[in-house]
Amino acid sequence: MLGRAANGVYWMSRYLERAENTARLIDVGFHLALTRSDKHAQEEEWKSVLTTTGQVDDYAVRHSDFSGPQVFNYLLRERDNPASVLRMIENARTNARMVRTSLTNSVWEATNEGWMALSELLSRPVRESNLGEVLTAIRRQGTLVRGALEGTMLRNEVFNFARIGTFIERADSTARILDVKYYVLLPSVAWVGSSLDNVQWDTLLRSVAGNRAYSWLNAGAMDPRGIARFLILDGQFPRSLVFCYEKLRSNLAGLAKEYGEETSAHALLRQTGAALHQTTIEHIFETGLHEFLQDFIGQTNRLGNAIAADYRFIE
């Protein structure tokens, strides 16, 4: 399984998760831009979407402004953008085809059919009038592939590599969204007693599919500290940092059992995971939310690199 096949299933899952995360960011950017009163504020919101995805510099080389349709078409379908959703879906399908014999028919068909449907949908420029339809289709495709993985795959090394790819990508995305969006919405770093716009906070939670879950756990109260705690430390929410690392621990343990030994990635995972479980939201705010998230993103990137090196694959 090592090498080529591990590389394929790991990156298939990462690309699918990244495509879905990008779609969710575009959705939140679109809804937040609608709440802005002037063109400059709207463009700043779209610029923050590009910043979250790490594409703002590449975009600025090609375009001089940050109008909504120009930004979301760049993120969704621009051929010259290697990080567009269209390119990511193509890369996911290419990797799935490379490891076709390691996947069930259901997983391959969900990936291939999703690629065909989205290629057709993104063959033409996306307008504001059909943006919602396009974003829903992207999210649905990721859900179908994950459902096929969960429902038909043996719990073996293939499954473990797929899940590791998903949760490495998801942890990184949640941390980036919280880091960039939190202080955009919060007018002052002195968050205690601030007046909040519930619609905007709800939209932030929607970007990680967490608005309903947060409401259930917090009786609908939009509290900035509560939102940060939810996205970082709530072990029940499947996109929180703690949840992602718990799943990474489980799947890396599966690989250690499969191969009869641990690697350097296991030590890195334990280090970051222990720090997450031992901290509190009060401590995070005392030391700095931005600093905490930047350190976490760096640790997650190092973990991904260690996994790739330990199991002899790299994209």
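Reference entry: report on the structure contained in this document. Because the structure is predicted, anything quoted here is derived from the model rather than measured.

1. What about the nonpolar core?
Then, in step 1: Judged by nonpolar contacts, the single largest core of 98 residues is most densely connected at Leu76, Leu103 and Ile232.
Then, in step 2: Looking at this core element by element, the count peaks at 16 residues for helix H1 (residues 4-35).
Then, in step 3: With residues near it in sequence (within four places) discarded, Leu103 still touches Val9, Met12, Ala96, Met153 and Val158.

2. Side note on the layout of surface pockets
Then, in step 1: Volume-wise, the largest pocket comes out at about 440 Å³.
Then, in step 2: The wall of the largest pocket is formed by 25 residues, among which Arg14, Arg18, Glu169, Asp172 and Arg176 lie closest to the centre.
Then, in step 3: Put simply, the parts of the chain that give the lining of the largest pocket at least two residues each are H1, helix H2 (39-53), helix H8 (157-185) and helix H15 (289-310).
Then, in step 4: Broken down by element, the lining of the largest pocket gets its largest block of residues, seven residues, from H1.
Then, in step 5: Tallied by class, the residues present in the lining of the largest pocket amount to eight nonpolar, eleven polar and six charged.
Then, in step 6: Each pocket or cavity is described by its volume, and for the second largest pocket that value is around 280 Å³.
Then, in step 7: Lining the second largest pocket are 17 residues, and of these Glu20, Arg146, Arg170, Pro238 and Arg239 lie nearest its centre.
Then, in step 8: When contributions to the lining of the second largest pocket are tallied by element, the ones reaching two or more residues are H1, helix H7 (128-152) and H8.

3. Remarks on the packing of aromatic side chains
Then, in step 1: Per the counting criterion, the structure on display carries eleven aromatic pairs.
Then, in step 2: Through a chain of ring-to-ring contacts, the aromatic side chains of Tyr10, Trp11 and Tyr15 assemble into a single cluster.
Then, in step 3: Positioned over the ring face of Trp115 is Arg93, at 4.1 Å from the centre of the ring.
Then, in step 4: The ring centre of Phe159 lies 4.2 Å from the NZ or CZ of Arg155, which sits over that ring.

4. Things to note about unusual backbone geometry
Then, in step 1: Its identity is not glycine, yet Ala209 carries a phi of approximately 55°, on the positive side.
Then, in step 2: As for its position among the elements, Ala209 is in the loop between helix H9 (198-206) and helix H10 (211-218).

5. Observations concerning the packing of helix H6 (residues 105-121) against H7
Then, in step 1: With their axes 8 Å apart at the nearest point, H6 and H7 run at an angle of 170° to one another. By the angle between their axes, H6 is roughly antiparallel relative to H7. Where H6 abuts H7, its residues Ser106, Val107, Ala110, Thr111, Gly114, Trp115, Leu118 and Leu121 lie against Glu133, Val134, Ala137, Ile138, Gln141, Leu144, Val145, Ala148, Leu149 and Thr152.
Then, in step 2: Residues belonging to the contact of H6 with H7 are distributed by class as follows: twelve nonpolar, five polar and one charged.

6. Side note on empty space enclosed by the protein
Remark: the empty space left among the atoms is shown by a probe the size of a water molecule rolled over them.
Then, in step 1: Evaluated as defined, the whole model comprises one cavity of 30 Å³ or more.
Then, in step 2: Taken as a whole, the largest cavity holds about 50 Å³ of empty space.
Then, in step 3: If you list the elements that add at least two residues to the lining of the largest cavity, you get H1 and H7.
Then, in step 4: Ranked by the residues each element gives to the lining of the largest cavity, the list is headed by H7, at four residues.
Then, in step 5: The residue inventory of the lining of the largest cavity, partitioned by class, reads three nonpolar, three polar and two charged.

What counts as what
- In this convention, every chain numbers its residues from 1, walking through the sequence in written order.
- Predicted model: local features are reported for residues with pLDDT of at least 70 only, side-chain atom pairs are reported and counted for 80 or more only, and whole-chain, interface and lining totals are derived from all residues.
- In computing side-chain properties, one takes all heavy atoms of the structure into account and sets aside hydrogens as well as water.
- Each nonpolar core is a collection of buried residues, namely Ala, Val, Leu, Ile, Met, Phe, Trp, Tyr and Cys, held together in the definition by side-chain atoms within 4.5 Å.
- Only protein chains enter the accessibility calculation, which uses a 1.4 Å probe; a residue whose area is less than 20% of its type maximum is buried, one above 50% is exposed, and one in between is partly exposed.
- Comment: elements are numbered from the N terminus, with helices defined as DSSP H or I runs of at least four residues and strands as E runs of at least two.
- Contact between two residues is taken to exist if any of their heavy atoms lie within 4.5 Å; hydrogens are not considered.
- In this analysis a 1.4 Å probe is tested at points of a 1 Å grid over the protein atoms alone, and where it fits but cannot get out there is a cavity; an open set with protein on both sides within 12 Å along at least five of seven lines is a pocket; lining residues have an atom within 4 Å of a point.
- Grid points are joined across faces, edges and corners, and a volume is the space filled by probe spheres set on the points.
- Each residue gets one of three labels, nonpolar for Ala, Val, Leu, Ile, Met, Phe, Trp, Tyr, Cys and Pro, charged for Asp, Glu, Lys and Arg, and polar for the others, Gly among them.
- When two rings of Phe, Tyr or Trp (its six-membered ring) have centres within 6.5 Å they constitute a pair, described as stacked for plane angles under 30 degrees, edge-to-face for angles over 60, and tilted for the intermediate range.
- For a ring to carry a charge above it, either NZ of a lysine or CZ of an arginine must fall within 6 Å of the ring centroid while also lying within 35 degrees of the normal to the ring plane.
- Working convention: axes come from line fits to C-alpha atoms, limited for helices to the stretch in contact. Angles between N-to-C directions cover 0 to 180 degrees.
- Oblique is the label for any angle not under 35 degrees, not over 145, and not in the 65 to 115 range, which are roughly parallel, roughly antiparallel and roughly perpendicular in turn.

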